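Examination of the molecular architecture
This is what each chain is made of:
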Amino acid sequence: GADTPQWRPALHFSPAAHWMNDPNGPILLDGVYHLFYQYNPGGMVWGPMSWGHATSPDLLHWHEQAIALRAKPGEDMFSGTVILDRDNRSGLGNVQHPALLAFYTSVFTDHPDHPDGTQAQSLAYSLDNGATWQAYAHNPILTLQPDSRQFRDPSLTWYAAGQCWIMATVVGDAQVIKLYRSTDLLHWSFLSDFQPSGYRKPGMAWEMPLLVPLPLDGNPQDMRWVMLVSVNPWSIAGGSGVQYFIGRFDGVHFTPDALPPVGADPSAYGWLDHGADHYATARIANTGTGPPTLIGWMNNWDYAQDVPTAPWRGQMTLPAELALKTLDGHPTLVQAPAQPYRDWLARQGMRTYPDRMVGRDRPWRAPFRGDVLDIRLTLRRGDGTRAGLVVRQTPDGKTGTVISYDFTTADLIVDRGHSGDVGFSPKFSPVHIAHLAAPGGVVSLHVVIDRCSVEVFANDGVLRMTDLVFPPADGTNVSLFSTAGSTRFSALRVTVLNR
Ligand code: FRU
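Small disclaimer: the values here were computed from a predicted structure and weren't measured. Note that residues are indexed from 1 along each chain, following the sequence as it is written. Local features in a predicted model are, by the rule used here, given only for residues with pLDDT of at least 70; side-chain atom pairs are given and counted only at 80 or more, and totals for whole chains, interfaces and linings are based on all residues.

Next up on the list: the UniProt feature "domain: Glycosyl hydrolase family 32 N-terminal" (unreviewed entry) in the chain. The residues that UniProt annotates with the feature "domain: Glycosyl hydrolase family 32 N-terminal" (unreviewed entry) are residues 12-337. Here residues 12-337 is 0% helix and 51% strand, with 12 Å between the C-alpha atoms at its ends. UniProt positions are given in the numbering used here, feature names are shortened, and annotations may be inferred rather than shown by experiment. Under the scheme used here, helices are H or I runs from DSSP no shorter than 4 residues and strands are E runs no shorter than 2 residues, and both carry numbers assigned from the N terminus.

Turning our attention to the UniProt feature "domain: Glycosyl hydrolase family 32 C-terminal" (unreviewed entry) in the chain. In this numbering, the UniProt entry assigns the feature "domain: Glycosyl hydrolase family 32 C-terminal" (unreviewed entry) to residues 369-494. Between the C-alpha atoms that bound residues 369-494 the distance is 10 Å, and the span itself is 0% helix and 55% strand.

A separate point is the site of the ligand. Any residue whose C-beta atom, as placed from the backbone, lies within 6 Å of a molecule or strand is termed near it. In the vicinity of the ligand, the contacting residues are N21, D22, Q38, M49, F78, S79, T105, R152, D153, E207, M208 and A280. Residue assignment for the shell around the ligand shows that the elements contributing at least two residues are β1 (18-29), β5 (75-85), β9 (151-159) and β13 (205-216). Each residue is assigned to one class: nonpolar for Ala, Val, Leu, Ile, Met, Phe, Trp, Tyr, Cys and Pro, charged for Asp, Glu, Lys and Arg, and polar for all the others, Gly among them. For the shell around the ligand, a count of residues per class yields 4 nonpolar, 4 polar and 4 charged.

Moving on to the pairing of strand β7 (residues 118-126). Put simply, a residue is buried when 20 or more other C-beta atoms lie within 10 Å of its own C-beta and exposed when 12 or fewer do; between those, it is partly exposed, and each C-beta is set from the backbone. Among the 9 residues that make up β7, 7 are buried, leaving the element largely enclosed by the rest of the structure. If DSSP finds at least two bridges between two strands, the strands pair. Taken together, the 9 bridges between strand β6 (residues 99-108) and β7 define a ladder with antiparallel strand orientation. By the bridge assignment, L101 is partnered in β7 with Y125. Sheet topology note: the β7/strand β8 (residues 134-135) ladder contains 2 bridges and is antiparallel. Within the sheet, the bridge partner assigned to A124 lies in β8 and is A135.

Before going further, it helps to spend a moment on the sheet that holds strand β3 (residues 50-56). Read from one edge to the other, the open sheet built from 5 strands follows the order β4-β3-β2-β1-β20, with strand pairing classed as mixed. Each edge of the open sheet is held by one strand with a lone partner, namely β4 (63-69) and β20 (312-313). The pairing of β1 with β20 spans 2 bridges and is classified as parallel. Counterpart to W19 in the pairing with β20 is R313.

Okay, the nonpolar core next. Throughout this description, the term nonpolar core refers to a group of buried Ala, Val, Leu, Ile, Met, Phe, Trp, Tyr and Cys residues whose C-beta atoms join them within 7 Å. Of all hydrophobic cores here, the largest spans 131 residues; its most connected members are L101, A102, L211, M227, I403, V447 and V456. The element best represented in this core is β6, accounting for 8 residues. Domain delimitation follows an automatic or database domain assignment. Formed jointly, this core draws a minimum of three residues from each of two domains, domain 1 (5-327) and domain 2 (349-496).

What follows is the structure in structure tokens.
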């Protein structure tokens, strides 16, 4: 199709051209963020998979670099992780110049040495900060016996208590996560399977497992572990999404604290995001003592190959920090836009607006407009039943994305049913709904709008919703509304980011 500069994200990474899916091996090195990604350098749909590479000083402004790992005849490079081998455990670098190690999945087809369709874990290393990469001489380093099928997506976690690295991988179609350990990063020994009797469906693929240690309520004496896994299809908002489990890890087994009964509704499980467009989340490595920061692919396998952008397809989510907080007696995963974004936002300045009662059927057209906006506000329950905002709204009011809270059902709702181009796929789901408590009748929203996306962090990140939208170029208005009665909007803070 024709080029769509009106949908080019300003705050989110998208490749200049062609198809991108999962983030791979994001890592901070000497003050520079490196992002690798599943990339088809020759096409607009998923195809021979290479690792693209981009760098950024702040996770907002990106520079594309040369392809890091290029697909070869007979071998694709699927998703994985990059770490800095600081102590030269692998022997592939040296302590003065530690090697970067990329763990990826080799997918072999028509290859003389491997049965067709083999998936196995391989290693590449870089001695020049990721500019160039060499394949390890003894690849693949980890193969499943007797058949290495659907075995992919290695992610690494440093396990301080055991002074070893833990690798999580999946057998995708078996919906099982396999854990391994290593001290030299070359030889991996099997630890355990994680395959809960939880929310699984026949035909569902488990992909991109990620094990993250987190202190509960910031207390380093009370470490918990979160296991994230991307599932496709049958995610909470349809198609693909990221499920998580909170539990313990003893160096061998990951054990979830509690699991809903078999057959429970998917909403009984933990979901990283309740919107439709957040998948294949990866953790940024080497960020020191800061909170874990995740970045995902802002898309859904249901329609990713149909989205109407050109000359690129695919973009990343806003990087977000994770924390575990006790809420209502339960450890709860909360997320906030990452520190570099918050710092940058603070430097852009913001406008604050006085409190405002918005009455029934009398929406308020905001005095600001834009297609790249950061909006924070609080809704206070009045006699209105549902209230919120319409963003990317056209002057005639007919097109827009509606973000609202229903005080009667305690649901947060993002409705993109009339957001613009919705006809490119019958699977582009219109409405996403998630339960959200409103203590004291108050709900806070942090909304980031970036040309073709709407991201909502509600109640300080207790709930996240990420959705793609494809609005007309004149859809730059914002309005506040309240249904059936009035609602008080307060603490409205806005930064117009169009540049
Ligand atoms: C997730 C995924 C991974 C795989 C990669 C292939 O979106 O399916 O499981 O490694 O994409 O591009």
